[in-house]
Amino acid sequence: MALIKIPSRGRESLVDADLPAGSVLQVNNVVIDTVSTTSNTTFVAAGGSNIAFSSLRSTSSKVLVKYNMYACSTKGSNVIMRLYRSIDGASFAHVTGPTSARGSGNINTWLSNGYNPISTHQDYDLGMFSGEYLDSPNTTSSVTYKIYFASRDTNACYINRSTTWSSNDSASPLVTSSATIMEIQG
């Protein structure tokens, strides 16, 4: 392990400029326990999936965005998820970098539970889907990320709904998703 020699500045605090590129400047984490559902083929916000920094230290900073999302769908469908970002309170916009560009239309996605065929046994086959993306927001303002999701067709899709979930069933496992962001020195 290499040691980094920090310049002596007396009683002054360490400044970001003293840190090497790739250093982690700040970290935020959120647990997402909201159950969200849609049967829309247009993308809608997943409840509780906002995660933000109130400001970034430099316009050259990168933000490492990590999501671990539990998702499921009815037979004959699948959940498709995309990453969205808001800078300084503006409207959320699709971050296209992590989205597949191999197909066309709404089917291009970042995270997905895959197609749940009609012939499967389970209607709501729950799975954990993880993704990370190194974003370059090019700002020192506040940055907020959020997951938007849609149905591949018009069947029901869920975030954080377990296979046998019922709102009044104490025997059903209840799941939570999570998100972590890290500002990285540019």
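Further up the page is the structure itself.
Residues numbered from 1 in each chain as written. Predicted model: local features only at pLDDT ≥ 70, side-chain atom pairs only at ≥ 80, totals over all residues. Heavy atoms only, no water.

(A) Molecular detail of the nonpolar core. Y67, M69, M81, Y145 and I159 are the most contacted members of the largest nonpolar core, which totals 26 residues. If you list the elements that add at least two residues to this core, you get β1 (24–32), β4 (51–53), β5 (62–73), β6 (79–87), β10 (143–151), β11 (157–159) and β12 (177–184). The greatest single-element share of this core, amounting to five residues, is contributed by β5. In this structure M81 touches F43, M69, A71, T109, W110, L111, S112, I147, Y148, F149 and I159, once residues within four positions along its chain are discounted. In terms of nonpolar packing, the next biggest core, distinct from the first, is built from five residues, F43, I80, Y148 and A150 among them. (Core = buried A, V, L, I, M, F, W, Y, C linked by side-chain atoms within 4.5 Å. Buried < 20%, exposed > 50% of the residue type's maximum accessible area, 1.4 Å probe, protein only. Helix = DSSP H or I, 4+ residues; strand = E, 2+ residues; numbered from the N terminus. Contact = heavy atoms within 4.5 Å.)

(B) Examining unusual backbone geometry more closely. Of note, the phi angle at D88 is positive, near 55°, even though the residue is not glycine. Inspection of the secondary structure assignment puts D88 in the loop between β6 and β7 (93–94). D88 gets classed as exposed once you look at its relative accessible area, which sits at 55%. The phi torsion at N138 lies on the positive side, around 55°, for a residue other than glycine. Structurally, the position occupied by N138 is in the loop between β9 (127–135) and β10. Using a relative accessible area of 57% as the deciding quantity, one classes N138 as exposed.

(C) Highlighting the side chain of D135. Along the chain, D135 falls in strand β9. Judged by relative accessible area, D135 falls into the buried class, the value being 4%. A polar contact of 2.6 Å, which involves the side chain of D135, links it to the side chain of R85. (Polar contact = N/O pair within 3.5 Å; in protein donor to acceptor, adjacent residues only side chain to side chain.)

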